Amino acid sequence: ETGVTQTPRHLVMGMTNKKSLKCEQHLGHNAMYWYKQSAKKPLELMFVYNFKEQTENNSVPSRFSPECPNSSHLFLHLHTLQPEDSALYLCASSVDSSRGTEAFFGQGTRLTVV
Amino acid sequence: AQKVTQAQTEISVVEKEDVTLDCVYETRDTTYYLFWYKQPPSGELVFLIRRNSFDEQNEISGRYSWNFQKSTSSFNFTITASQVVDSAVYFCALSNSGYALNFGKGTSLLVTP
């Protein structure tokens, strides 16, 4: 069983749809992250949760709404997305969000907005 | 400002060749951490190594080695005797006062038989 599991692996949604991405970690970590990976661009940090509290929102549009009900689960709720939001969305976890802590990543959700 | 530059977008080598992936970083902090991750076609980023700014010793792990040079702000990664399974995108990342990882754009490595 992988340490960080993301579902679904692939998602195609229309611009008026509402969907959610799910991330679950089995590593006993206290920090969880959402990253966006677009073609030809560096990974972009979107949100950071540390002990279930959101500690960073990297100027992400409100059409992306994170939820962290507990330290093991992280969701990204999506609504009224744009085609440019198509990307690989990666979830990660780490022991905590302190400097220098290595993050462990899931396999990502490949999102296509049509 | 902090920044990670991986100038090599794509590298192609033949199996058994040695290959070095370059990483240059910028930071004003004296305490920081550098990372390398591997992203195979399956998508997940696999952690390879972490170095802190006070430890400039080079590290070797099997066929992998890392050369950290603070004087040139570089943290280069060498794969010796490359194999087809090494084909992946490799990311260098920096963690400093901002805490979260700042990634470079990645270098796509293709190893052909």
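It should be noted that the structure appears before, not after, this text.
The model shown is predicted, which means the values in this text are computed figures rather than measured ones. (Residues numbered from 1 in each chain as written. Chains lettered and ligands numbered in written order. Predicted model: local features only at pLDDT ≥ 70, side-chain atom pairs only at ≥ 80, totals over all residues. Heavy atoms only, no water.)

Undergrad: So what about the overall build of chain B? Which residues, and what values?
TA: Each helix and strand counted, chain B has 0 helices and 12 strands in total. Taken from N to C terminus, the helices and strands of chain B fall in the order β-β-β-β-β-β-β-β-β-β-β-β. Computed over the C-alpha atoms, the radius of gyration of chain B is 14 Å, within 12% of the 13 Å expected from 2.2 N^0.38 for a compact globule of 113 residues. Along the three orthogonal principal directions, the C-alpha set of chain B runs to about 45 × 25 × 20 Å. Counting the 113 residues in chain B, one finds 45% classified as buried. (Helix = DSSP H or I, 4+ residues; strand = E, 2+ residues; numbered from the N terminus. Rg over C-alpha atoms; globule rule 2.2 N^0.38 Å. Buried < 20%, exposed > 50% of the residue type's maximum accessible area, 1.4 Å probe, protein only.)

Undergrad: Give me the lowdown on the sheet that holds strand 1 (residues 4-7) of chain A, citing residues and values where you can.
TA: Residues and elements named next belong to chain A. In space, the 4 strands of this open sheet follow the order 1-3-8-7, with antiparallel pairing throughout. Each of the sheet's edge strands pairs with one partner strand only, and the pair in question is strand 1 and strand 7 (64-70). Averaged over neighbouring strand pairs, the angle between their axes works out to 20° when direction is ignored. Two strands pair when backbone bridges link them, and strand 1 and strand 3 (residues 18-25) are joined in this way by 4 bridges, in the antiparallel orientation. (Pairing = 2+ DSSP bridges. Axes fitted to C-alpha atoms, helices over the stretch in contact; angles between N-to-C directions.)

Undergrad: I'd like to hear about the nonpolar core, residue by residue, with values.
TA: Membership of the largest hydrophobic core comes to 23 residues, with the highest contact counts inside it found for W36(B), F77(B), Y90(B) and L109(B). For this core, the secondary structure elements donating two or more residues are strand 2 (10-14), strand 3 (19-21), strand 5 (33-39), strand 8 (64-69), strand 9 (74-79), strand 10 (88-95) and strand 12 (107-112) of chain B. The biggest single contributor to this core is strand 10 of chain B, with 4 residues. Every residue in contact with Y90(B), bar those within four places of it in the chain, is listed here: Q6(B), L21(B), W36(B), Y37(B), K38(B), L48(B), Y64(B), F77(B), I79(B), G106(B), T107(B) and L109(B). Grouped together as the second largest cluster of nonpolar side chains are 22 residues, M13(A), L78(A), Y89(A) and L111(A) included. (Core = buried A, V, L, I, M, F, W, Y, C linked by side-chain atoms within 4.5 Å. Contact = heavy atoms within 4.5 Å.)

Undergrad: If you had to explain unusual backbone geometry to someone new, which residues and values would you point to?
TA: A cis amide bond, omega -10°, links T7(A) with the succeeding residue P8(A). Residue placement: P8(A) occurs in the loop between strand 1 and strand 2 (10-13). In this structure, K16(B) takes a positive phi of about 85° despite not being glycine. Within the fold, K16(B) resides in the loop between strand 2 and strand 3. In this structure K16(B) comes out as exposed when scored by relative accessible area, which is 70%. Of note in this structure, S73(B) is not a glycine but carries a positive phi near 50°. Structurally, the position occupied by S73(B) is in the loop between strand 8 and strand 9.

Undergrad: Provide a residue-level description of the environment of A81(B), including the pertinent values.
TA: All names here are of chain B. With respect to the helices and strands, the residue A81 is situated in the loop between strand 9 and strand 10. When the C-alpha positions of A81 and F68 are compared, they lie 21 Å apart, and in sequence the two are 13 residues distant. What A81 contacts, discounting residues up to four positions off in sequence, is K16, E17, D18 and R63.

Undergrad: Summarise the pattern of salt bridges; cite the residues concerned and give the values.
TA: If you walk through the whole model with that rule in mind, you get 6 salt bridges over all chains. Among the ionic pairs, R63(A) bridges to D85(A), the shortest N-O distance being 2.7 Å. Of this pair, R63(A) sits in the loop between strand 6 (53-57) and strand 7 while D85(A) is found in the loop between strand 8 (73-79) and strand 9 (87-94), placing the two residues 22 residues apart along the sequence. The class for D85(A) is buried, based on a relative accessible area of 2%. Taking the shortest distance from any N to any O, the salt bridge between R51(B) and D55(B) comes out at 3.2 Å. Judged by relative accessible area, which is 7%, R51(B) ranks as buried. Judged by relative accessible area, which is 25%, D55(B) ranks as partly exposed. (Salt bridge = Lys/Arg side-chain N within 4 Å of Asp/Glu carboxyl O.)

Undergrad: Residue-level account of the state of the cysteines, with values.
TA: Residues and elements named next belong to chain A. Tallied over the full model, the rule gives 2 disulfides over all chains. Across a sulfur-sulfur distance of 1.9 Å, C23 and C91 are joined as a disulfide pair. Looking down the S-S bond of the C23 and C91 bridge, the torsion is -75°, so its handedness is left-handed. Of this pair, C23 sits in strand 3 while C91 sits in strand 9, and the two are 68 residues apart along the sequence. For the pair C23 and C91, a shared accessibility class is recorded, and that class is buried. (Disulfide = S-S within 2.5 Å.)

Function cannot be inferred from these measures alone, as they are strictly geometric.
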